[in-house]
Amino acid sequence: MLYPPASRGRHYTGMQLDFIGGVAEAATEYGYDLLLSPSGSEDEPSFQRILAERQVDGLIVMEIRRDDDRVEHLAKAGFPFVTIGRNRRADETGWVDLDFAGLSASCVQHLVDLGHSRIAFVNRSQQLFESGYGFAHLALEGYTEAMTRLGLTPHAYLCDEDTAGGEAVLERILRDDPATTSVVTMNEAALTGLYRGLTRHGRAVPRDFSVVGVAAGRWAEQVTPELTAAEIPASEMSRVGVELMVERLTTPEAPPRHVLLKPLISLRASTGRCRPVPGAEPEPALPEFPDIPDFPGSDF
């Protein structure tokens, strides 16, 4: 399993550990053991050793970028592999992924159905986005397309993946448009910061501000109020990834299979009907009345 740590300190996040555990458990059921490599590129020694020494039967590649040199290298070498996530070679490789574009659009539609029209989007970090991670780009595309289709103005933000990042991005959102009443987020690690920033600005969730996103259940349920979200099904994706890998090993001549998951949004307590922000909208102009002509004998 090629899986580079995602945190700044090169540690595996809770979500990543869920995937590692899920793949290890599913592989055991098929009689395979799991070897974990932190390789994020083809130049890393771990990646080179695995291929040169043929230490494994096949590879499950994680943290897929749109242009991923690991995928390119494995495809050219003819080494058996599948991916959890997808990139520009999606038609040529077996993969399982979430419909991040569709989920972002569904989050927007959920907020619009509640009367919201000022909807910001909080994505992952600038470093991750610029590295070309597919899910961050797909989610942004889904949000932007949905906002444009509904005649709304998109406002998207990159955000560091921690509490401080969430607080900082909330400041930028309300500075850019104080009338913002809702957020779609792909950045579960910044949730606590988003909530703290809203509290500091006197915005109660969901009375004054709604938050919805794509997040693991553990993140969605640890904030108060709990997050309305489409859950990332790490266990199911891990299981399907192992199934695809076993299929690739047992029937290498078969065409690659693709599995796209779109979980339903679980309604919790973080979204509600839109309430305009007092003082954030311009006062409506008073209607102009025509001049009343003077009439003979009138007291006016």
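Above this text is the structure in question.
Let me sum up the structure you'll find in this document.

Conventions and cut-offs
Residues numbered from 1 in each chain as written. Predicted model: local features only at pLDDT ≥ 70, side-chain atom pairs only at ≥ 80, totals over all residues. Heavy atoms only, no water. Salt bridge = Lys/Arg side-chain N within 4 Å of Asp/Glu carboxyl O. Helix = DSSP H or I, 4+ residues; strand = E, 2+ residues; numbered from the N terminus. Buried < 20%, exposed > 50% of the residue type's maximum accessible area, 1.4 Å probe, protein only. Axes fitted to C-alpha atoms, helices over the stretch in contact; angles between N-to-C directions. Parallel < 35°, antiparallel > 145°, perpendicular 65-115°, else oblique. Left-handed = near helix turned anticlockwise from the far one by under 90°. Contact = heavy atoms within 4.5 Å. Nonpolar A, V, L, I, M, F, W, Y, C, P; charged D, E, K, R; others polar. Phe/Tyr/Trp six-rings, centres within 6.5 Å; stacked < 30°, edge-to-face > 60°. Lys NZ or Arg CZ within 6 Å of the ring centre and 35° of its normal.

A few words on the pattern of salt bridges. If you walk through the whole model with that rule in mind, you get 18 salt bridges. Across the pair Arg124 and Glu161 runs a salt bridge, and its minimum N-O distance is 3.0 Å. Of the two residues, Arg124 sits in the loop between β4 (119–122) and α5 (126–130) while Glu161 sits in the loop between β5 (155–157) and α7 (163–176), which places them 37 residues apart along the sequence. Given the relative accessible area of 26%, Glu161 is considered partly exposed. As a salt-bridge pair, Arg257 and Glu247 come within 2.6 Å of each other at their nearest N and O atoms. Placement of Arg257 in the loop between α10 (234–250) and β9 (258–261) and of Glu247 in helix α10 is noted, with a sequence separation of 10 residues between them. When its relative accessible area of 35% is taken as the criterion, Arg257 is described as partly exposed. Each member of the salt-bridge network shares a partner with another, and the members are Arg65, Asp68, Asp69 and Arg70.

Right, let's talk about the packing of helix α1 (residues 14–29) against α10 for a bit. The angle between the axes and the distance between the axes are what describe a pair of packed helices. Across the interface, α1 lies against α10 with an axial gap of 8 Å and an inter-helix angle of 45°. Relative to α10, the element α1 lies oblique. With respect to the hand of their crossing, α1 and α10 are arranged in right-handed fashion. Mapping the contact onto sequence places Met15, Asp18, Phe19, Gly22, Val23, Ala26 and Ala27 in α1 and Ala234, Met237, Ser238, Arg239 and Val242 in α10. When grouped by side-chain class, the residues that make up the contact of α1 with α10 number 8 nonpolar, 2 polar and 2 charged.

With that settled, the discussion passes to the packing of aromatic side chains. Under the criterion given, the structure shown has 4 aromatic pairs. Between the aromatic rings of Tyr3 and Tyr12, the centroid separation amounts to 6.0 Å while the plane-to-plane angle is 55°, which identifies the pairing as tilted. Of the residues examined, Tyr12 reaches a relative accessible area of 24% and is grouped as partly exposed. Members of the aromatic cluster, each reached through a chain of ring pairs, are Phe100, Tyr133 and Phe135. Lying over the aromatic face of Trp95, Arg86 brings its terminal NZ or CZ to 5.2 Å of the ring centre.

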